[in-house]
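Structural overview
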Amino acid sequence: MGRTFLIFLLISSMGISAQETTYPKEAFRPPLDIPLILAGTFGELRSNHFHSGIDIKTQQREGLPVYAIGNGTITRIKVSLWGYGKVLYVAHPNGYTSVYGHLQKFSPKIEEYIKKIQYGKKSYEVEVFPEYGEIKLEKGEVIAYSGNTGGSSGPHLHFEIRSSISEKPTNPLLYGYEVRDATNPTVVGLYGYPLSKNAQLNQSNTKSQINFTRQKDGSLLADKVTALGTIGFGFVGFDRQDLAANKNGVYSVRQVVNGQVYSDYDFESFSFSETRYINTLIDYGHFGKYRQRIQKSFKSPGNHLSIYNKLVNDGKIVVKEGLSYTVELLIYDLEGNLTKLVIPVEGKNQPLKIDEETPKTDNYIVAKRPNNFDLGIAKVYFPANTFYEDFYIDLRKGSDTVMVHNNRVPAHRNFTLTFDVSKYSEAERKQLFIARLDKNSRPSYTSTYKRGNTFTTRTRNLGTYTLARDTVPPTIRTKNFKHKQWLTNYHYLSLTIADDLSGIDTYSATLNGEWILMEYEPKKNTITYNFDDRILDKKQCVLKVTVTDNVGNTNTHEVTFYRK
Ligand SMILES: [Zn+2]
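Residues numbered from 1 in each chain as written. Predicted model: local features only at pLDDT ≥ 70, side-chain atom pairs only at ≥ 80, totals over all residues. Heavy atoms only, no water.

Looking at an unreviewed UniProt entry, one finds the protein chain named M23 family metallopeptidase and attributed to Maribacter aquimaris.

Below, the structure written as structure tokens:
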């Protein structure tokens, strides 16, 4: 017992990476046979989440063979219009599961397996969990072809390695994969925050930007900061690998104050249940305004992230009058390349030049309690702990519009917005929906639940909402063929489907009266049928496509074609 305690003391006094795990370095082969060049790193800061894998560039094209990184069995196959698009999960005997996302298509044996399920369910979008051992794979077997499906904005392979038991994603680069990176992380911005009541930093009681210059040794030196009270720092930065211009995320950040580690976190692993707390690691207000993410070196209220290896006073620095402090931010990439930013701080009481108070409104949110507001035309209900911090909320209303604060405050949970639609007739209500207005006042559909005299939506996005009306049914057009055309040598049929306002809810297609699988790619507004799916015994074929938008406007298009 004494010995265990001693080891515990040793580990905690080292203060860094106390939970460092060893990862098998030689067990896996790469998922692609081209050099690994990354368009995204593990833990990279994304909208409402940390990136849970690496994004491997695929030379701006689709269709590269994707290999099983080790022997294993497929545990999950999903085809979705969003997220990872077409994705495979492979469990390996050593306790890890590899994940391959945004695939163009699966290998023939997996394609056959999933198409049976798609035809059975009459749905393009499916998710299955094959029995353990039902679809076995060998290391190096081609399992799929790389693509751009789901929420992907360019061809790449999203690749993850998770613990099969905890399902925690781990940094795939800890498994011995080679990515050329001798380039230090880049810092493009430094910010100081007065945190306690009456704290000041550079004669201001709100966040200030701090200038810095590059020194001969490559480190960065900030202009001297004067401060008093409890303060904290944050930076904007990225990491570039050697062979690509992509601005990827950094691996670890350590803050040292007068030689003592005050905070240290890294992206070795995290859990999906905590990923949304990214909104407390970044300065969310700054992000809402400038779309730029400041990573804070201190822990804000409501931050429940487990990524910290060490925290002293939550990474906050108490500055006393007459004393000097040297604050160092050490920013590393996974290869250990370091960018060091030194911030000299002097404890000094100075008259405030900028004395800003948070604007007060009539409505104050106490984060840990449920909050209810009645605006007449709409009611807003925030469950307890929707927000990380207490604040004055700005609520306004127009004739059919309500403003629920702005996008500079993050909501951790869904809140409910309920519109009163009693002034509208049944017919009008059918075409109405709740829309969120973007910064150019363009309406976008939000999932609208209609009941009696009310429309309700549940969302995590603060902003302006309105009732919008969609009276126009979706459009359907043939893309690679025409009505009454001979298509004997065609491999596929492609059509364009679109909806102007509420968006497409469902689509379906039949060929001579039988349901056919059409793969939908919302990014290109296309649906595609592959002739290999079925043997057509008739010469004359009638294709019938039906598309419905989110308020129920429907359009049907019928085309005849011929095939020998
Ligand atoms: Zn990705």
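Next, the rest of the story.
Some details on the environment of Lys539
Definition in use: We count a stretch as a helix when DSSP gives it H or I for four or more residues in a row; a strand needs E for two or more, and each element gets its number in order from the N terminus. Buried, partly exposed and exposed residues are distinguished by accessible area as a fraction of the type maximum, computed with a 1.4 Å probe on protein chains only: under 20%, between the cut-offs, and over 50%, respectively. Contacts between residues were defined by any pair of non-hydrogen atoms, one from each residue, lying within 4.5 Å.
Here Lys539 lies in the loop between β46 (526-530) and β47 (540-549). When its relative accessible area of 51% is taken as the criterion, Lys539 is described as exposed. The sequence separation of Lys539 and Lys310 amounts to 229 residues, and the corresponding C-alpha distance is 71 Å. Setting aside chain neighbours within four positions, we find Lys539 in contact with Trp486, Phe561, Tyr562 and Arg563.

Digging into the pattern of salt bridges
The test is simple: Here, a salt bridge means any Lys or Arg side-chain nitrogen found within 4 Å of an Asp or Glu carboxyl oxygen.
One pass over the full model with this rule turns up 18 salt bridges. Between Glu514 and Arg534 there is a salt bridge, and its shortest N-O distance comes to 3.5 Å. Here Glu514 is found in strand β44 (residues 514-515), whereas its partner Arg534 is found in the loop between β46 and β47, with 20 residues between them in sequence. Each of Glu44, Arg46 and Asp55 takes part in one network of salt bridges that share partners.

A look at the side chain of Asp283
This is how the line gets drawn: Side-chain atoms alone can form a polar contact between residues adjacent in sequence; in general such a contact is a pair of N or O atoms within 3.5 Å, and within protein one must be able to donate a hydrogen while the other accepts it.
Tracing the chain through its elements places Asp283 in the loop between α3 (278-281) and α4 (284-290). Reaching out from Asp283, the side chain makes a polar contact with the side chain of Lys207 at a distance of 3.2 Å. Beyond its immediate stretch of four places on either side in the chain, Asp283 contacts Tyr193, Lys207, Ile294 and Lys296.

Overview of empty space enclosed by the protein
By rolling a water-sized probe across the atoms, one finds the places where empty space is left. Under the convention used in this document: Put plainly, a pocket is an open set of points on a 1 Å grid over the protein atoms alone with protein on both sides within 12 Å along at least five of seven lines, a cavity is a set where a 1.4 Å probe fits but cannot get out, and a lining residue has an atom within 4 Å of a point. Grid points are joined across faces, edges and corners, and a volume is the space filled by probe spheres set on the points. For this scheme, ten residues count as nonpolar: Ala, Val, Leu, Ile, Met, Phe, Trp, Tyr, Cys and Pro. Four count as charged, namely Asp, Glu, Lys and Arg, and the remainder, Gly too, count as polar.
Evaluated as defined, the whole model comprises 1 cavity of 30 Å³ or more. Space inside the largest cavity adds up to approximately 120 Å³. In this structure, the largest cavity is lined by 15 residues; those nearest its centre are Thr41, Leu173, Asp239, Gln241 and Leu334. Classifying every residue of the lining of the largest cavity gives 7 nonpolar, 4 polar and 4 charged.

Some points on the sheet that holds strand β43 (residues 504-511)
For sheets, the rule is that strands pair by backbone hydrogen bonds, running either parallel or antiparallel. Quick note on the threshold: Two strands form a pair only when DSSP identifies at least two bridges running between them.
Read across the sheet, 5 strands follow the order β41-β48-β47-β43-β44 without closing on themselves; strand pairing throughout is mixed. Because the sheet does not close on itself, it has two edges, and the strands there are β41 (485-486) and β44. As judged from the 2 bridges shared by β41 and strand β48 (residues 554-562), these two strands associate in the parallel manner. Bridge pairing in β48 links Gln485 to Phe561.

Some details on the coordination of the zinc ion
As a reminder, the rule being used: Only N, O and S atoms count as donors, using a 2.8 Å cut-off from the metal and 3.2 Å for Na, K and Ca, and because water is excluded some sites may appear unfinished.
Taken together, the protein ligands of the zinc ion are His51 (NE2), Asp55 (OD) and His158 (ND1), with distances of 2.0 to 2.2 Å. Ordering the donors of the zinc ion by residue number gives the pattern H-x3-D-x102-H. Placement of His51 in the loop between β3 (49-50) and β4 (54-57) and of His158 in strand β13 (residues 156-163) is noted, with a sequence separation of 107 residues between them. For His51, a relative accessible area of 3% puts it in the buried group.

Observations regarding the layout of surface pockets
What the largest pocket holds in volume is close to 2200 Å³. The wall of the largest pocket is formed by 47 residues, among which Thr206, Lys207, Asp283, Thr358 and Glu389 lie closest to the centre. For the lining of the largest pocket, the secondary-structure elements that each account for two or more residues are β15 (186-194), α3, α4 and β31 (391-393). For the lining of the largest pocket, the element with the highest residue contribution is α4, accounting for 5 residues. Class assignment for the residues of the lining of the largest pocket results in 18 nonpolar, 15 polar and 14 charged. Approximately 990 Å³ is the volume found for the second largest pocket. Along the wall of the second largest pocket there are 32 residues; nearest its centre are Lys86, Gln104, Lys105, Glu519 and Thr528. Of all elements in the fold, only β9 (105-106), α2 (108-121), β42 (492-498), β45 (519-521) and β46 reach the threshold of two or more residues within the lining of the second largest pocket. Element by element, the count of residues in the lining of the second largest pocket is highest for α2, at 4 residues. Residues that form the lining of the second largest pocket fall into these classes: 7 nonpolar, 12 polar and 13 charged.

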